Amino acid sequence: MKVYILMGSPRKSGNTAALLKPFLEELASHGDEYQVVWLYDKKIAPCVACRVCQADWSQFGCQFDDDAQEIFDKIMACDTLVLATPIYSWYCTPPMKAILDRLVYGMNKYYGDKIGPALWAGKRVALITTCGYRPEKGADLFQTGIERYCKHSHLQFIGALSERHLGYQHTFMDDEKEAHARAFARNMIFLEKEL
Ligand SMILES: Cc1cc2nc3c(=O)[nH]c(=O)nc-3n(C[C@H](O)[C@H](O)[C@H](O)COP(=O)(O)O)c2cc1C
């Protein structure tokens, strides 16, 4: 299984990175290939709804010459896409929102004169989030948004891992969170074999 991880945290040693670490270790221990892209290190302009991407159904076709093309190519080559992000104002962080918007148009050729294909149809999507509220009050809106995004894009939503950050005076990671992250990775591997 090839897993491509879009990492939306600005903090390289932050909570989302700490939760991702055992998840990635588990993937590696099962021989799964993965790559992480730190979105805050990339140049990703916001979508301006010009719809240039709708003219050619064989490619991304965005007018902007930035790092979104490379991300598009990596997604096309992966089996499973993981969106890892801290929750900011009940949704994802700004670079992740920017790439989600660029992809929902560039990948889904629904918005031109005729309705075309979803170029990434069938790929699996999983979420890894960290948030200050309990996950059911902190990460729920983003998860719902992504579930709808997946349905709209003919992607398979395969699940979410969300863990709570009790505050900067508390250590975020503990054995329970690590076990959850490892189990989430094993479940993804199991699903890959089943589907
Ligand atoms: C600007 C900002 C906005 C946030 N908004 C929310 C929020 O809406 N809901 C929530 O539960 N937590 C919120 N949080 C808390 C973070 O999601 C939480 O601390 C997270 O674990 C940070 O992850 P990181 O260390 O990877 O950056 C916010 C944090 C910041 C900095």
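Reading guide: rules and limits
Residues numbered from 1 in each chain as written. Predicted model: local features only at pLDDT ≥ 70, side-chain atom pairs only at ≥ 80, totals over all residues. Core = buried A, V, L, I, M, F, W, Y, C linked by C-beta atoms within 7 Å. Buried ≥ 20, exposed ≤ 12 C-beta atoms within 10 Å, placed from the backbone. Helix = DSSP H or I, 4+ residues; strand = E, 2+ residues; numbered from the N terminus. Contact = placed C-beta atoms within 7 Å. Near = placed C-beta within 6 Å. Nonpolar A, V, L, I, M, F, W, Y, C, P; charged D, E, K, R; others polar. Pairing = 2+ DSSP bridges. Axes fitted to C-alpha atoms, helices over the stretch in contact; angles between N-to-C directions. UniProt positions renumbered as here; feature names shortened; annotations may be inferred. Parallel < 35°, antiparallel > 145°, perpendicular 65-115°, else oblique. Left-handed = near helix turned anticlockwise from the far one by under 90°. Expected span 1.5 Å × (residues − 1). Arc of directions from axis to C-beta.

(A) Summary view of the nonpolar core. Residues Leu6, Phe23, Val82, Leu83, Ala84, Ile99 and Ile128 are the most contacted members of the largest nonpolar core, which totals 47 residues. Mapped by element, the contributors of at least two residues to this core are strand 1 (2-7), helix 1 (15-29), helix 2 (68-77), strand 3 (80-86), helix 3 (94-106), strand 4 (124-131), helix 5 (140-153) and helix 6 (175-194). Broken down by element, the residue count for this core peaks at 6 residues, all from helix 3. With residues up to four places along the chain from it excluded, the contact list for isoleucine 99 reads Leu6, Leu39, Ile44, Ala68 and Ile71.

(B) Examining the site of the ligand more closely. In the vicinity of the ligand lie 16 residues, with Gly14, Pro86, Cys131, Gly132 and Gly138 positioned nearest. Contributions of two or more residues to the shell around the ligand are made by helix 1 and strand 4. For the shell around the ligand, a count of residues per class yields 6 nonpolar, 9 polar and 1 charged.

(C) Expanded view of unusual backbone geometry. The residue alanine 49 is not glycine, and still its phi comes out positive at about 55°. What makes alanine 49 exposed here is the crowd of 8 C-beta atoms within 10 Å. Although it is not a glycine, arginine 51 adopts a positive phi angle of roughly 65°. Topologically, arginine 51 is positioned in the loop between strand 2 (33-38) and helix 2.

(D) Examining the sheet that holds strand 2 more closely. Ordered by their spatial adjacency, 5 strands build an open sheet running 2-1-3-4-5, and the pairing between neighbours is parallel. Each edge of the open sheet is held by one strand with a lone partner, namely strand 2 and strand 5 (156-164). Along the sheet, successive strands turn relative to each other by an average axial angle of 15°, direction set aside. In the packing of helix 1 onto the sheet, the strands contacted are strand 1, strand 2, strand 3, strand 4 and strand 5, and the crossing angle to strand 4 comes to about 140°. Sheet strands touched by helix 6: strand 3, strand 4 and strand 5. Its angle to strand 5, the strand with the most contacts, is close to 175°.

(E) Looking closely at the UniProt feature "domain: NADPH-dependent FMN reductase-like" (unreviewed entry) in the protein. UniProt's feature table lists "domain: NADPH-dependent FMN reductase-like" (unreviewed entry) at residues 1-133, given in the numbering used throughout. Strand forms 20% of residues 1-133 and helix 29%; the C-alpha atoms that close the span are 33 Å apart.

(F) Quick peek at the packing of helix 1 against helix 6. Running from amino to carboxyl end, helix 1 crosses helix 6 at an angle of 40°, the nearest separation of the two axes being 8 Å. It follows that helix 1 is oblique to helix 6 by the angle criterion. Every pair of crossing elements has a handedness; the one defined by helix 1 and helix 6 is right-handed. Contacts between helix 1 and helix 6 pair Leu19, Pro22, Phe23, Glu26 and Leu27 from the former with Lys177, Glu178, Ala181, Arg182, Phe184, Ala185 and Arg186 from the latter. Residues of the contact of helix 1 with helix 6, tallied by class, amount to 7 nonpolar, no polar and 5 charged.

(G) Summary view of helix 5. Between its first and last C-alpha, helix 5 extends 20 Å over 14 residues, near the 20 Å set by a 1.5 Å rise per residue. The complete set of buried residues in helix 5 reads Phe142, Ile146 and Ser153. Looking down the long axis of helix 5, one finds its buried residues gathered within 35° of arc, a one-sided arrangement. For helix 5, the exposed residues set more than 90 degrees away from the buried face come down to Thr144, Arg148, Lys151 and His152. Buried residues along helix 5 sit in contact with strand 3, helix 3, strand 4 and strand 5. The positive-phi residue at the C-terminal boundary of helix 5 is histidine 154, with phi of around 60°.

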